[in-house]
Every structure is written in structure tokens, then in C-alpha cells.
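Secondary and tertiary structure notes
Listed below are the residues making up each chain.
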Amino acid sequence: MRHIISMLLENEPGALSRVVGLFSQRNFNIETLNVAPTDDPTLSRLTVTTHGDERIIEQITKHLNRLIDVVKLVDLTEGAHIERELMLVKVKAQGSARDEVKRTADIFRAQIVDVTPSVYTVQITGDATKMDAFLQAVTPLGVLEVARTGVSGIARGDKVLSL
Amino acid sequence: MIARFLKDEGVEYIYGYPGGAALHIYDALFRQDDVKHILVRHEQAATHMADGYARASGKPGVVLVTSGPGATNAVTGIATAYMDSIPMVVLCGQVASHLIGEDAFQETDIVGVTRPIVKHSFSIRHPSDIPTVLKKAFYIASSGRPGPVVIDIPKDMTAPTERYEYVYPRKVKLRSYNPVSRGHTGQIRKAVDLMMSARRPVIFAGGGVITGRASEALTALAHRLNIPVITSLMGLGAFPQNDPQSLGWPGMHGSYESNMAMHHSDLVLGVGVRFDDRVTNNVNRFCPDARIVHIDVDPSSISKTVHADVPIVGAADHVLNEMLNQIGQRTEAQEPLDEWWETINAWRDERRGKLYEPAAAGEPLKPQQVVEAVHRATHGDAYVVTDVGQHQMFAAQYYKFNQPNRWVSSSGLGTMGYGLPAAMGIKLNYPDEHVVLFTGEGSFQMMMQELSTCKQFGIPVKIVNLNNASLGMVRQWQDLNYKSRHAHSYMESLPDFEKLIEAYGFKAITVSTAEQLEPALEEAFRSKDELVFLDIHVDPREHVYPMQVPQGAMCDMLLSKTERT
Ligand SMILES: Cc1ncc(C[n+]2csc(CCOP(=O)(O)OP(=O)(O)O)c2C)c(N)n1
Ligand SMILES: [Mg+2]
């Protein structure tokens, strides 16, 4: 099963490489990875999506928790949560395809954020399945470049991941 | 600042080797007398010395090396300590901060290189951070599940021209590191339920019992419930082997009765063990009838290889005492174990007197009989250190340990060359004890330059070289799996060990027959302050048995060259 694991990480040099290194060292897979600062300057938030059965996910979370730099960790997929990713896609937009791209973007509530005579750059947010669906829809039109941020997520309701 | 901290931390010895990036630190050491530095002949030896000391004392060993090659030479020793959860602090010099990343002379990203083999690592960013970082390093290395911690120290961080206020930090707090101590009462209750009702229980105790100083609690619990005790190789001595409840150690070359008992058990109480593949054999066939209770301070050890039915995260000492407590309050009777003990004793009887055949007159000595003779000569209470190979297994099988912290051997990584420096680290700190190294001519030659360190600092270890003129363990595998094609498992051109040892000014005795053995041992162990090297020529054809059959269950063993379970 796919899991979204989010953690607060000491904002120290080397912390990120310890997390990433753990995955390769223990033969765990990383599908997406997203890291950014938080409101607390001493902490970053890191989110990974990974696949595995229950036993593997348990091992992943235990080993991550064992890292001294990991301050707190949550497997978001264990409860109700919001998952978001942002993607920028350059799509060929010439002739009749130009309208088709625009229409598809509208259907997905994506925005066209940059325009040239031959290319639209589309920005889309949502969960990973939405990204995949959009890509599938525009692939026949000619996708030139894809930039995805990787999944970020947060639990629904009052539950918070903080110190 | 570093020297002052080490003194305040109570460090008596550090082991190391100087070089450019560490010279400010060496100068500071020169100008004080509290912390003594042992100059090794290779940085790997410094880490093994620290490791040996740590295993014998339970306290972290401290290493000091320079940047680049100094630090990379230490890598094998760091990995060795990591695999066996040994507390160690490794101070590495580094090129000056402004040069980092420029491929400067003797620059290596040692934090990067060691990342997968340390518990944690630090880089010093400001000289005033030194005391707190060091304190954190000692705390992390020695608490919870111990392990090595590397500290990278750029040269400018120790510049003698800059002065900073020094305060010894008595305590450090790490918001993201709080090793557990107390186990969950409810889980402990579940475990006790199982223990009271089990018909064929075994206790399986590992290195965690030794690190966690829980031998007493373990022994009390085992006696209270009359449960047979198996210790892992790392746990040798956690339960006295002269106790009738001791079944020895299990696994690839473990005792017949311990492998049989564990396989047929209905409850395994694992304490501070990690159920590694050298014990379980094929995990899918591991203990088919047993429920597993697993106590460990490190949650990530639990259910890693073998699923735990009752996981208990906590310090062994606390959990075992809490179990005793709860058992004391129980009113129900424990399931009787008489039948179980009958079965176990029958297994014991099956192999009694059949473990190996001592050499007949005129035949080469058997390594097993040498270990037994050393056990007698040292009254079974020496510190026993080994290298890696057949001799290591024979030492573990035939030396019997009644106390914790006496058996010192690289188990997880199996590092040849570990033995001599580890033995030195112990002897230096316990000068009034016998420290015996069982080594093989292969392993010994990986670190024999350290004889020079023994000479400089007067470190009189006793070296028993079980010389089979071959890489015996490799040869055994080749005999069994490669139709005796001995690819590079024998050693032509062995040195004349007697002359070699004498070149360093030490005593060497060559033993090649049974009659020579006892007198040589007597001479070797007469005093505790003379280094003696016994070059004992043993039968090169000998194999270590029992030996688990690959991919089988624990109970599938070869028992000799001709017998199989
Ligand atoms: C550094 C290192 N290299 C290789 C090995 C693989 N290995 C395991 S046992 C062994 C042979 C050891 O020979 P020796 O020290 O003479 O011991 P013996 O088995 O003959 O008793 C080898 C090569 C190892 N464990 N460590
Ligand atoms: Mg040998």
C-alpha cells in the first residue's frame, strides 16, 4: 500500500542525507520526497510517499524515528488527511491543440501560467491521482516537460504535527 | 577544550594516531597529563582498542584520528562497533572549514562515508560548541541501544590562538532523542501470561542483556520459572554457563541442544537479541510452534526479521524485574516443565562426549582441546577476545563464560584483525586480569603491527594462535560447498612466528604436540605481566560442528563430517 509519512526534522546539515540514506541503505523505496522550512526556523518538514506492506512501513517508521534528527513523525495515511502536490507542465499548444489544452486545464481546474505561441505552461494542484490523470489527458497533445513538487500532506481535523 | 572535556567526562585513555588536521588537539594533549593517549600503528586498531575496552567496561571508548586517510582507516572499526551496538566516540580531524568541499589535501567527507555505520554524527561549526557537542556524543553513544558517534572537527575549530570560555555541560537535552526505559505494563502482563502457560519455553538472551546490565534480573527470572536459557553469541556470559539451565548459544555453529530446544519450543522470550540470520537460519522455518515475546530498547529491532507476538520496548533490566514482580503476584500455577526438561536432557545426552575427537598420540592437536586447556589454565575467568574464523567458533564453544563482559568478539561484522587491538584495549584498562586472545594465523596477520604498540605501552596480552596454516573457515566452506577446491584459503609463506614475536622483544612458544600443550600454557599464564605468544599448530582438516544446513530450520544441522540431524 502507498503511505504518506510526514516528519519534523532538525534543520541541521546532514539531516536530509540521513533520511534519504536510510531509504537506500535499508532497501526501502521513495516515490516522492518533499522538504521545506516550517514556521519554526529550527525545523523542516519532510514528507515522503512510499510503498510497502504493513511490516515494511512499520520498519520504515521505526528506523526513521531512530534517527536523532527526526523530532516527530506521522504516517498520514493512518487517518483522514489532505494530500496535495503541485505540478508544472509544458504542453505543446499549436493549432487545434491550443484549445484542447485550455479545455483540459479548465476541467482539471488547472491554470495556464505562461504562454508562448507554441507552448502553454500549466500549473495544477491536487493529489497524486489527479496529477496522473491530467498528465494522461494531455500526453497525446505533446508534453514537453514536467516538474512536480512531490506530495505534501496534513492530517484533517484538530490533529497537528508539532512539538 | 577537547582535552579538558575528556578529563571532565572521566576518560582515562584515548586511542589514536596524529596527522595534520588533528595536530592542534595533539598539542593540547601533550600539555596535560590526565587523559592518556595510546599511539597505535594503524587507525583501525585504535577503533578496535576502544571497542574492546567498551565491551569489557560498558563505557564508551574514545578514538582520535586525523582527516582523510586517518579517518577512512577507522571505518572498519566503526562498522564493527555499529553492528554490535558498542558505545564509541570517534574524534576525526578535518581540513579547515574554508577548505571543505574543495578536495583539499587529506579531505574526506567522513560524516558522509560513515553515515550508514554510525548511530549519529556531528560536525563542529563553532569552537564554543565543542563541549556541548562532545557531551551529546557521549550521551548518544552510551544510552539506549549504544553505538558509535563520529565528530568531525575542522582544524580551525581547535586553533590555539582563539580562546573561548569552557564550561563542562553536566547534562544535555536532545528533544528528538529520549531512549525508553520502562516497558509497557500491559505488554509485560501478556508476556507473563504466556510464560506461565508455556509448556516448552526458552529464554533467548543477547548482547542487550549485557549492555543493559540485566544479567542478574535475567538469572533470577530464569531460576524463578525454571526456563532453559540460550544466549546469543553476543550474549555469552549474560547467564552463567555452569548453571544447569544453560543450553549454550544457538545458530549456525550453535550447540545441538540449544538449536533443538529453540526450534521445538512453544515460547521464545527474546531479550536484547536481534534474531539475525546467523541464528534463525531460514526465517520461514524458524520456530514453527513458538510464540515470540521480544524485549528490546530499540523498537526497530523488534519484528525486523521475526514477527513478535508480544513486542515490549524497554530496557531489559526494567522489563525483567517488572516480570518478576508480576510473577510474584500471580496466584495461578505455572505449567510444569518436567517433560520439557526431559526432552532437553535427552538432546544433551545424545551429543555428550561426541563433540570432537581429541588428537590421538602423534596426531596434530585439535583446536577444541586447546581451547578447553586454556579454559582450565585460566580457571574460566579470563577476558576472552577472538578474531574471526574457526578459532572464534571453537573459542565460543569450548570456553565457558559465567560472567558478562568477558567474551569479546566481532559478531555482527565478523572483522578479521579485530582481536589483537581489542584485547589490548582491555588489558590496558584491566592490568590485573588475564586477557586471552584466540586468533588464527590469517586474522593475526591483519593487525600484527600492533605488537609494536604493546611494546611501547607495555600491554601484556596472552595470544593463542590456533595455527592451522589456512583460512580455516573459508576452507571449511570450500570443503562443504565447492568440492574441496581450496581457492586461496591456505597460507603458504607463513612467517616464523617465534622469530617475529621475538623481534618485538616478546616471548613466543611453539606447540605442535599434545605433550607440549600443558607446560606451554602453564608458562604462558604464570604471570599477568608478560606478553606471551603461543603458536599452536592445530589440525588444518578440522571443521566446526554443529553447522546448520543452509536454508533449513534451526534444527537442521550437520553434526560432524559424517552425521546429520
Ligand atoms: C576482514 C575480513 N576479511 C575476510 C573475512 C572472511 N573470512 C572469515 S573467516 C576467514 C578465515 C580466517 O582465517 P584464520 O584467521 O586463520 O582463522 P581460522 O578460520 O583458520 O581459524 C576469512 C577469510 C573476514 N571475516 N574479515
Ligand atoms: Mg587459520
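Residues numbered from 1 in each chain as written. Chains lettered and ligands numbered in written order. Predicted model: local features only at pLDDT ≥ 70, side-chain atom pairs only at ≥ 80, totals over all residues. Heavy atoms only, no water.

As recorded in an unreviewed UniProt entry, chain B goes by Acetolactate synthase and comes from Kushneria indalinina DSM 14324. Database annotation for chain B, UniProt heading Catalytic activity (unreviewed entry): "2 pyruvate + H(+) = (2S)-2-acetolactate + CO2". What the UniProt record of chain B gives under Sequence similarities (unreviewed entry) is the line "Belongs to the TPP enzyme family." (UniProt positions renumbered as here; feature names shortened; annotations may be inferred.)

The name an unreviewed UniProt entry gives chain A is Acetolactate synthase small subunit, with Kushneria indalinina DSM 14324 as the organism.

Turning our eyes to something else, we now look at the coordination of the magnesium ion (ligand 2). All names here are of chain B. At the metal site, the magnesium ion (ligand 2) is ligated by Glu 441 (OE), Glu 441 (OE), Asn 468 (OD1) and Ser 470 (O), and these contacts range over 2.1 to 2.6 Å. Around the magnesium ion (ligand 2), the six donor atoms sit at angles spanning 52 to 176 degrees, and that spread fits a shape best called irregular. Mapped onto the sequence, the residues coordinating the magnesium ion (ligand 2) show the spacing E-x26-N-x1-S. With Glu 441 in helix α18 (residues 441–447) and Asn 468 in the loop between β15 (462–467) and α20 (472–481), this pair connects stretches of sequence that are 27 residues apart. Each member of the pair Glu 441 and Asn 468 is classed as buried. (Donors = N, O, S within 2.8 Å, 3.2 Å for Na, K, Ca; no water. Tetrahedral: all angles 85-135°; square planar, octahedral: opposite > 155°, others 65-115°. Helix = DSSP H or I, 4+ residues; strand = E, 2+ residues; numbered from the N terminus. Buried < 20%, exposed > 50% of the residue type's maximum accessible area, 1.4 Å probe, protein only.)

This part is about the side chain of Asp387(B). Residue and element names in this part refer to chain B. Looking at where Asp 387 falls in the secondary structure, it is placed in the loop between β12 (383–386) and α16 (390–398). Within the structure, Asp 387 has its side chain in polar contact with the backbone nitrogen of Gly 419 (distance 2.9 Å). A distance of 2.8 Å separates the side chain of Asp 387 from the side chain of Thr 439, its partner in a polar contact. (Polar contact = N/O pair within 3.5 Å; in protein donor to acceptor, adjacent residues only side chain to side chain.)

Quick look at the domain arrangement of chain B now. Where the parts come together, the accessible area they lose is often given as the size of the interface. Residue and element names in this part refer to chain B. For chain B, the assigned domains are domain 1 (2–158), domain 2 (185–351) and domain 3 (367–544). Here the C-alpha centre of domain 2 lies 37 Å away from the C-alpha centre of domain 1. Opposite the nine residues of domain 1 that make contact, domain 2 presents seven residues. Both sides together, the interface formed by domain 1 and domain 2 hides about 600 Å², and carbon and sulfur atoms give 51% of it. Of all residues in domain 1, the largest losses of buried area upon contact with domain 2 belong to Met 83, Asp 84 and Arg 145, amounting jointly to 61% of the total for that side. The tally of links from domain 1 across to domain 2 stands at one salt bridge. Ionic pairing is found between Asp 298 and Arg 145, a salt bridge with its closest N-O pair at 2.7 Å. Along the lines of polarity and charge, the residues of the side of domain 1 that touches domain 2 split into three nonpolar, three polar and three charged. (Domains from an automatic or database assignment. Contact = heavy atoms within 4.5 Å. Buried area = accessible area lost by both parts, 1.4 Å probe. Salt bridge = Lys/Arg side-chain N within 4 Å of Asp/Glu carboxyl O. Nonpolar A, V, L, I, M, F, W, Y, C, P; charged D, E, K, R; others polar.)

Bringing the site of ligand 1 into the picture now. Residues and elements named next belong to chain B. Taken together, 17 residues form the shell around ligand 1, and within it Gln 390, Gly 414, Glu 441, Ser 443 and Gly 472 come nearest. Here Met 416 contributes a backbone N or O atom positioned 3.4 Å from a nitrogen atom of ligand 1. Backbone polar atom of Met 473 to an oxygen atom of ligand 1: 2.9 Å apart, as the coordinates give it. Calculation on ligand 1 without its partners gives an accessible area of 580 Å², and the protein chains cover 75% of this total. Contributing elements (two or more residues each) for the shell around ligand 1: α16, α18 and α20. With four residues, α18 is the single largest residue contributor to the shell around ligand 1. By residue class, the composition of the shell around ligand 1 is six nonpolar, 10 polar and one charged. (Near = heavy atom within 4 Å. Areas by Shrake-Rupley, 256 points an atom, 1.4 Å probe, with all protein chains shown as cover.)

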